[in-house]
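# Descriptive analysis of the structure
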Amino acid sequence: MRVRQLIGLALATLAFAGMSVTGSFAAEEAAPQVSWGDCKYGGGYPVKHSSGYWYCQGGTYNGQRVYGSSGY
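Residues numbered from 1 in each chain as written. Predicted model: local features only at pLDDT ≥ 70, side-chain atom pairs only at ≥ 80, totals over all residues. Heavy atoms only, no water.

## Regarding the overall build of the protein chain
To keep it simple, the criterion reads: Where helices and strands are cited, they refer to DSSP runs of H or I of at least four residues and of E of at least two residues respectively, numbered from the N terminus. Relative accessibility under 20% of the residue-type maximum defines a buried residue, over 50% an exposed one, and the middle range a partly exposed one, all with a 1.4 Å probe and only protein chains included. Should any heavy atoms of two residues lie within 4.5 Å, those residues are counted as being in contact. Per-residue and other accessible areas were derived by the Shrake-Rupley procedure at a 1.4 Å probe size, with only the shown protein chains allowed to occlude residues.
Per the secondary structure count, the protein chain includes 2 helices and 4 strands. Start at the N end of the protein chain and walk to the C end: the helices and strands fall as α-β-α-β-β-β. Residues classed as buried in the protein chain amount to 15% of the 72 residues present. Sequence-distant contacts, at least 24 apart, represent 28% of the contacts inside the protein chain between residues at least 6 apart. Summed over all atoms, the accessible surface of the protein chain reaches about 5600 Å², with 60% contributed by carbon and sulfur.

Have a look at this one:
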């Protein structure tokens, strides 16, 4: 009986570990983006990089890409 409980606990631990690894990969793939207004409200200012995209410089959202900024 004790062996079954330990096996169940080990499987549950592996399942939770697998979910956390999968979640971290998903977080790395999705680049955080903020709006133009949120960047300014957070204390930063949008800066256009050589890649052609705008990024928030400084403030709360430092380094995050500004979405909807293609026409600015």
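## Re the nonpolar core
Stated formally: In this text, buried Ala, Val, Leu, Ile, Met, Phe, Trp, Tyr and Cys residues form a nonpolar core when linked through side-chain atoms within 4.5 Å.
The biggest cluster of nonpolar side chains holds 6 residues, and these are Val34, Trp36, Cys39, Trp54, Cys56 and Val66. Every element with two or more residues in this core is listed here: helix H2 (36-41) and strand E3 (54-57).

## Section: the side chain of Ser35
Defined as follows: Any pair of nitrogen or oxygen atoms within 3.5 Å is treated as a polar contact; in protein, a donor-acceptor pairing is required on top of that, and neighbouring residues in sequence qualify only through side-chain atoms on both sides.
As for its placement among the helices and strands, Ser35 is situated in the loop between strand E1 (33-34) and H2. Residue class for Ser35 comes out buried when judged on its relative accessible area of 17%. A polar contact is formed between the side chain of Ser35 and the backbone nitrogen of Asp38, at a distance of 3.1 Å. In contact with Ser35, other than residues within four places in its own chain, are Val66 and Tyr67.

## Points about the packing of aromatic side chains
The condition is simple: Aromatic rings from Phe, Tyr and Trp, with only the six-membered ring used for Trp, were paired whenever their centres fell within 6.5 Å, and each pair was classed as stacked if the ring planes differed by under 30 degrees, edge-to-face if by over 60, and tilted otherwise.
A complete count under the given rule lists 1 aromatic pair for this structure. On the basis of an interplanar angle of 65° and a centroid distance of 5.1 Å, the ring pair of Trp36 and Trp54 is categorised as edge-to-face. Placement of Trp36 in helix H2 and of Trp54 in strand E3 is noted, with a sequence separation of 18 residues between them.

## Some details on the pairing of E3
Put simply, the rule is: Two strands are said to pair when DSSP picks up at least two bridges between them.
Taking every second residue as pointing to the same face, the buried face of E3 carries Trp54 and Cys56, while none of Tyr55 and Gln57 on the other face is buried. Pairing of strand E2 (residues 45-48) with E3 involves 4 bridges; the strand directions are antiparallel. Residue pairing across strands places Tyr45 opposite Gln57, the latter belonging to E3.

## Let's talk about the state of the cysteines
For clarity, the threshold we go by: The disulfide criterion is simple: two cysteine sulfur atoms within 2.5 Å.
Within the structure shown, the criterion is met by 1 disulfide. Between the sulfur of Cys39 and that of Cys56 lies a disulfide, 2.1 Å long from S to S. The sign of the S-S torsion, about 95°, decides the handedness of the disulfide formed by Cys39 and Cys56: right-handed. One end of the pair, Cys39, is in helix H2; the other, Cys56, is in strand E3, and 17 residues separate them in sequence. Accessibility expressed as a relative area gives 2% for Cys56, which makes it buried.

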